[in-house]
Amino acid sequence: MVGLFTRALVRACAIGNKSNPMGGQAKWQGFAPGGWLAGAVRWALPPRCPGCAEPVEADHRFCASCWGRLRFLDGAGCVRCGLPVAEGHGGGGWCGTCLADPPRHAGIHAAVAYGPIARELPIRLKHGGRIGVAETMAGPMARLMPERADLLIPVPLHRWRLWRRGFNQAVLIGAGVSRRTGVPLLRDGLERVRATPLLRGLSPRARRAAVTSAFRAPDPAAVAGRHVVLIDDVYTTGATAGACVRVLLAAGAASVAILCWARVVDHDATDPDD
């Protein structure tokens, strides 16, 4: 059905090109937002919910059911790691873990808590090739941009995984965030020099060991003295992000904050890759 519709569109465009004496953009006027061809495309291929694929009114919008199942993080947690903090704990906004062992990063900013709907977006993006989902994730993330942000750097993939997948999801998300905020994206600010196994199912210690010495900053001068925001899709235990933070700070970055779509808040949630 879709193939027949596509062939019909191609034929219509060809006819329009031959019969339109004006040339230029006028011959594509059917594809304008209010054009008949654009309307036909929307009818045949309607926007779909990023969480469940049900038809919705516009691109990058969730259906009511999926929207209600997303847990947006309002930034009321620990000022350092973002996890919920009990009221009256006396830590000045820091959780007990960060007070006892202050992290080297400048804060974790996540749009939503990892859960059944939140995890569908990275899955559709990374394993389903739905690259448009990156824009859906970038929107809420852009609103959480730290005040001090000079540069966006995506968590890199090893070249073999990049070759198999065809794209780095963190780069796509970072490009969307950059367009919305004006903060420049340095796509190759980090390099993954060693292939690492999938971290799903590994203990926190095993995850940290797996990513040790896996990253490098190929051009330290590009990050020296800059306030860097590290871009990723999901933050789990922080093993991957922590390794990237250490490399960027060693390269001379003034600070490194972490910005992601989802983070694990309840550790009994389904274990994602880190």
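Computed from a prediction, not measured in an experiment: that's the story for all the values here.

A.B. asks: Which parts of the structure should I look at to understand the overall build of the chain?
C.D. replies: Counting its regular elements, the chain contains 11 helices and six strands. Residues classed as buried in the chain amount to 45% of the 274 residues present. Long-range pairs, those at least 24 residues apart, make up 71% of the contacts in the chain with a sequence separation of at least 6. Surface accessibility of the chain: about 14,700 Å² in total, with carbon and sulfur atoms responsible for 55%.

A.B. asks: Would you take a moment to explain the sheet that holds strand 6 (residues 255-263) for this structure?
C.D. replies: Read across the open sheet, the four strands follow the order 1-6-5-2; overall the sheet is parallel. Every interior strand has two partners, whereas the edge strands, strand 1 (108-113) and strand 2 (151-154), have only one. Averaged over neighbouring strand pairs, the angle between their axes works out to 20° when direction is ignored. As judged from the five bridges shared by strand 1 and strand 6, these two strands associate in the parallel manner. Counterpart to Val112 in the pairing with strand 6 is Ala262.

A.B. asks: I'm lost on helix 9 (residues 204-211) in this one. Help?
C.D. replies: Because each turn of an α-helix spans 3.6 residues, side chains separated by three or four positions end up pointing in the same direction. Listing the buried residues of helix 9 in full gives Arg207, Ala210 and Val211. Down the axis of helix 9, the buried set is contained in an arc of 85°. They therefore lie on one face. With respect to the buried face of helix 9, the exposed residues turned more than 90 degrees away are Arg205 and Ala209. Its buried side turned inward, helix 9 meets strand 4 (215-216) and helix 11 (239-250). Where helix 9 terminates, the next one or two residues include Ser213, which has phi positive at roughly 60°.

A.B. asks: Whenever I open this one, the packing of aromatic side chains confuses me. Can you help?
C.D. replies: Remark: the centre distance and the inter-plane angle together describe each pair of aromatic rings, the angle taken between the planes. By the definition in use, this model includes two aromatic pairs. Pairing Trp67 with Phe72 gives two aromatic rings, centres 5.0 Å apart and planes at 50°, and the pair type is tilted. The partly exposed category is assigned to Phe72, whose relative accessible area is 35%. Here the aromatic residues Phe62, Trp67 and Phe72 are joined through ring pairs into a cluster of three or more.

A.B. asks: How should the pattern of salt bridges be read in this particular structure?
C.D. replies: Two side chains with opposite charge may pair up if their charged atoms get near one another. As enumerated under the stated definition, the model contains six salt bridges in all. Between Asp233 and Lys126 there is a salt bridge, with its nearest N and O atoms 3.1 Å apart. One end of the pair, Asp233, is in strand 5 (residues 227-235); the other, Lys126, is in helix 5 (residues 120-126), with 107 residues separating them in the sequence. The two residues Asp233 and Lys126 agree in class, both being buried. Ionic pairing is found between Glu191 and Arg216, a salt bridge with its closest N-O pair at 3.0 Å.

A.B. asks: Would you mind showing me how to read the nonpolar core here?
C.D. replies: Taken as a class, soluble globular proteins show a tendency for nonpolar side chains to be buried jointly. In this structure, Phe62, Met141, Met145, Leu152, Ile173, Val177 and Trp261 are the most contacted members of the largest nonpolar core, which totals 35 residues. When contributions to this core are tallied by element, the ones reaching two or more residues are strand 1, helix 5, helix 6 (133-142), helix 8 (169-181), strand 5 and strand 6. Of all the elements, helix 6 adds the most residues to this core, at six residues. When neighbours within four sequence positions are excluded, Met145 is seen to be in contact with Leu152, Val177, Thr181, Val183, Val229 and Leu259. Within the second largest apolar cluster, 32 residues are counted, among which are Cys78, Leu190, Leu230 and Cys244.

About the cut-offs
Residues numbered from 1 in each chain as written. Predicted model: local features only at pLDDT ≥ 70, side-chain atom pairs only at ≥ 80, totals over all residues. Heavy atoms only, no water. Helix = DSSP H or I, 4+ residues; strand = E, 2+ residues; numbered from the N terminus. Buried < 20%, exposed > 50% of the residue type's maximum accessible area, 1.4 Å probe, protein only. Contact = heavy atoms within 4.5 Å. Areas by Shrake-Rupley, 256 points an atom, 1.4 Å probe, with all protein chains shown as cover. Pairing = 2+ DSSP bridges. Axes fitted to C-alpha atoms, helices over the stretch in contact; angles between N-to-C directions. Arc of directions from axis to C-beta. Phe/Tyr/Trp six-rings, centres within 6.5 Å; stacked < 30°, edge-to-face > 60°. Salt bridge = Lys/Arg side-chain N within 4 Å of Asp/Glu carboxyl O. Core = buried A, V, L, I, M, F, W, Y, C linked by side-chain atoms within 4.5 Å.

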